[in-house]
Amino acid sequence: MYQENFSSWTFACYTHDVPENGGVCVKVNEQQIALFHFTRMDAWYATQNQCPHRRQMALSRGMIGTQGEIPKVACPFHKKTFSLETGECLNGDECSIETYGVKVEGDKVFIGI
């Protein structure tokens with residue numbers, strides 16, 4: 001499970017709300033966040049939902065996988081891939097996405113802003 005120290009943890013959803021090896025969009029403080037449960041890696045990740053390429057709110061519907069050892073998400077429209085850990089674009093482009101901490105307590109998922 002990916003976790004860092006954040007000053008503000010916000011309840012996002014329940015674990016059963018997020019599909020295994022997939023994502024959902026949750027709204028945190030008026031911001032759309034893509035939340036992923038990477039079951040194969042036993043990890044949770046959160047990123048901005050907006051793809052920086054064409055500014056579409058779509059990353060939560062993207063496919064997750066790995067590039068080498070790096071967990072990634074691919075935009076469903078443009079196929080640009082981003083590291084779920086750092087937000088770096090893995091296609092060599094200069095764009096990147098915001099990433100957020102995630103912690104799971106029981107069946108509740110929290111996002112750190």
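Our subject is the structure listed above.
Model, not experiment: these values are computed from the prediction.

1. Focus: the sheet that holds strand S3 (residues 31–38)
Strand pairs in the sheet, formed through backbone hydrogen bonds, run parallel or antiparallel to each other.
Here is step 1: In spatial order, the strands read S1-S9-S8-S4-S3-S2; together these six strands make up an open sheet with antiparallel pairing. What marks the edges here is a single partner per strand, and that holds for strand S1 (9–14) and strand S2 (22–28). Mean inter-strand twist for the sheet, computed between neighbouring axes without regard to direction, equals 30°.
Here is step 2: Where strand S8 (residues 99–105) lies against strand S9 (residues 108–112), five bridges are found, and the strand directions are antiparallel. Residue pairing for S9: Glu 105 is matched across the bridge by Lys 108.

2. Observations concerning the environment of Ile 111
Here is step 1: Summarising the element assignment, Ile 111 is placed in strand S9.
Here is step 2: The exposure class of Ile 111 is buried, given its relative accessible area of 0%.
Here is step 3: Separated by 93 residues in sequence, Ile 111 and Val 18 have C-alpha atoms that sit 14 Å apart.
Here is step 4: The contacts of Ile 111, once residues within four sequence positions are left out, are Ser 8, Trp 9, Thr 10, Ala 12, Val 26, Val 28, Ile 33, Leu 35, Ala 46, Tyr 100 and Gly 101.

3. A closer look at the pattern of salt bridges
Here is step 1: Summed over all chains, the structure comprises three salt bridges.
Here is step 2: Its salt-bridge partner being Glu 30, residue Lys 27 comes within 3.5 Å of it at the nearest N-O pair. In this pair, the class of Lys 27 matches that of Glu 30, namely exposed.

4. Examining the packing of aromatic side chains
Any aromatic ring pair is given by two values, namely how distant the centres are and how the planes are angled relative to each other.
Here is step 1: The tally for this structure, following the rule as stated, stands at two aromatic pairs.
Here is step 2: Centre to centre, the rings of Phe 11 and Tyr 14 are 5.2 Å apart; their planes meet at 70°, and the pair counts as edge-to-face.
Here is step 3: For Tyr 14, a relative accessible area of 31% gives the class partly exposed.
Here is step 4: On the basis of an interplanar angle of 70° and a centroid distance of 5.9 Å, the ring pair of Phe 11 and Phe 110 is categorised as edge-to-face. Here the residue Phe 11 occupies a position in strand S1, and Phe 110 occupies one in strand S9, the gap between them amounting to 99 residues.
Here is step 5: One aromatic cluster in this structure is built from Phe 11, Tyr 14 and Phe 110.
Here is step 6: In this structure, Lys 103 is placed above the aromatic ring of Phe 110, and the distance from its NZ or CZ to the ring centre is 5.9 Å.

Thresholds applied
Residues numbered from 1 in each chain as written. Predicted model: local features only at pLDDT ≥ 70, side-chain atom pairs only at ≥ 80, totals over all residues. Heavy atoms only, no water. Pairing = 2+ DSSP bridges. Helix = DSSP H or I, 4+ residues; strand = E, 2+ residues; numbered from the N terminus. Axes fitted to C-alpha atoms, helices over the stretch in contact; angles between N-to-C directions. Buried < 20%, exposed > 50% of the residue type's maximum accessible area, 1.4 Å probe, protein only. Contact = heavy atoms within 4.5 Å. Salt bridge = Lys/Arg side-chain N within 4 Å of Asp/Glu carboxyl O. Phe/Tyr/Trp six-rings, centres within 6.5 Å; stacked < 30°, edge-to-face > 60°. Lys NZ or Arg CZ within 6 Å of the ring centre and 35° of its normal.

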